[in-house]
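Structure assessment
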Amino acid sequence: MASSASVSPAAAASASANFSGTHRRLFLPCSLRRLPRPRSRPRSSSRLRLAACHANTLLSSSGAQGPSAPAACSSASSAGGFSEWLLTHGLPPGKVAILERPVPCSRGGKDRPLHFVAAGQDLEVGDVAFEMPMSLVVTLERVLGDESVAELLTTNKLSELACLALYLMYEKKQGKDSLWYPYIKELDRQRGRGQLAVESPLLWTESELDYLNGSPMRDEVVVRDEGIRREYNELDTLWFMAGSLFKQYPFDVPTEAFPFEIFKQAFVAVQSCVVHLQKVSLARRFALVPLGPPLLTYKSNCKAMLTAVDDSVRLVVDRPYKAGEPIIVWCGPQPNSRLLLNYGFVDEDNPYDRIAIEASLNMEDPQYQEKRMVAQRNGKLAIQKFQVCVGKEKETISEMLPYLRLGYISDPDEMQCILSSEGDTCPVSPCSERAVLDQLVVYLKSRLAGYPTTLDEDEAMLADGNLEPKKEVATRLVRLEKKLLHGCLQAAHEFISALPDHTVSPCPALYAPNLK
């Protein structure tokens, strides 16, 4: 039976429950043997010509002869070794090509172009772009060889991502003797960067993280970094529990062989390219698929996914392509904050984008326990996160109002009326309704004021087009966050305008709910 796969939000979340940005190579210079650097090539003045001239095709013989297929490059192409390795080790000829896209000058022009998977010929909806045999896919089944060990490790203190990262780090130590040398070399070239040529903020410097000031993302980076460090401290457990695997590596235990910063870079690289296969065994659930991300281009409104079929992973396209166009796949239902943290990009057309507003009942309230019971009866918690989804700002504010009204109830008799009712609350007075809405307005304005720039200033900077790549992607993120907050603010003002009496002053509340 076929099983679908998308990049899983849980893949990164599991790491945070259990990474000073540098530009060293991922999977580290941990042995004396260094990977050879391809010879530099002159840049073409034309982007289209650049892509076509540096194509390395993975076409069937019939497809390669089509008039729309890009011409294959000579062996001087840096993708040549990777493509040759795939074909030599069992990749059936497909309908894609590995092309190059220029990288913005984020390191003084020292970055080589990034590779991406493109249509090698014209494609129609339903065409199989490629089919990767499982023998070329890295999973815990390959790493550990024992599904029971995989389950024990990943339900304890180590995530699948940590196990996969450690495996590839040891494989890299073997240099060209490793089966995975061409794939690891390709991952090194990508350095965990997505289609915008930006790494995850987990690898940004402190000054670069300042681009995210005011955004919840800043705290999320800290939390994820702490989670990765906890996993690093548990790596030796994997070494001893899977001793039969690591006997082939004549190296030290993980925490002695690899500094934390090296492990974090490897973790981020794996995080950027792992896919979550559905309806497969636990040991195959998280997979690193050559020709998968980050070589594939992510979109949130796409339907194409990597699919496990028997003993291979297949990609069927969901739209027509002209030869040379990037192949697009779905990245899962993830908000832009998660897309940036995991893959280093932001999708302006993301229908799953959202931000959170946390509300909590005041624990100093004498009626706290009664209010908590009412909240729980209506499916809410004493500390409740409300998700503001794009295009549904007014609905979220409407959902928050009954919860916030609880904080403005002070009369014990009214509280008993609420406890005996089956709805959210009894009718509230105009003054308390105005107080609730005023509290929301003050909170939303305060949150917007926490950003160092306004929405209009963000728009102007993006329109100028001269931002450094990391600052550009950070500006896009905070701009979209501010748009959601402005939508909530507009909704709150609309509710205020709908009040029957605007002469009523807001009621005071000693135990108003907390918002953050």
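Residues numbered from 1 in each chain as written. Predicted model: local features only at pLDDT ≥ 70, side-chain atom pairs only at ≥ 80, totals over all residues. Heavy atoms only, no water.

Let's talk about the confidence of the model for the protein chain
Taken residue by residue, the protein chain gives an average pLDDT of 81. The fraction at 70 or more is 77%. Long-range and interchain partners of residues 6–55, a stretch whose pLDDT sits below 50, account for 152 contacts in this model, where long-range means more than four residues apart. In the model, residues 60–77 has pLDDT below 50 throughout and makes 33 contacts with residues more than four positions away in sequence or in other chains. (pLDDT = per-residue confidence, 0-100. Contact = heavy atoms within 4.5 Å.)

Remarks on the packing of helix α15 (residues 336–343) against helix α21 (residues 469–497)
Two elements in contact, α15 and α21, have axes whose closest approach is 10 Å; the angle formed by their N-to-C orientations is 160°. One element, α15, and the other, α21, form an angle in the roughly antiparallel class. Helix-helix and strand crossings are classified by hand; for α15 and α21 the assignment is left-handed. Residue-level contacts link Asn 336, Ser 337 and Leu 340 of α15 to Val 473, Leu 477 and Leu 480 of α21. A per-class count over the contact of α15 with α21 returns four nonpolar, two polar and no charged. (Axes fitted to C-alpha atoms, helices over the stretch in contact; angles between N-to-C directions. Helix = DSSP H or I, 4+ residues; strand = E, 2+ residues; numbered from the N terminus. Parallel < 35°, antiparallel > 145°, perpendicular 65-115°, else oblique. Left-handed = near helix turned anticlockwise from the far one by under 90°. Nonpolar A, V, L, I, M, F, W, Y, C, P; charged D, E, K, R; others polar.)

Topic: the layout of surface pockets
Of the volumes computed, that of the largest pocket is approximately 810 Å³. What lines the largest pocket is a set of 25 residues, among which Pro 216, Met 217, Glu 220, Ala 356 and Lys 385 lie closest to the centre. Put simply, the parts of the chain that give the lining of the largest pocket at least two residues each are α1 (9–17), α10 (217–233), α15, β13 (354–360), β14 (383–389) and α19 (430–449). Tallied by class, the residues present in the lining of the largest pocket amount to ten nonpolar, five polar and ten charged. (1 Å grid on protein atoms, 1.4 Å probe; cavity = no way out; pocket = protein on both sides within 12 Å on 5 of 7 lines; lining within 4 Å. Points joined across faces, edges and corners; volume = space filled by probe spheres on them.)

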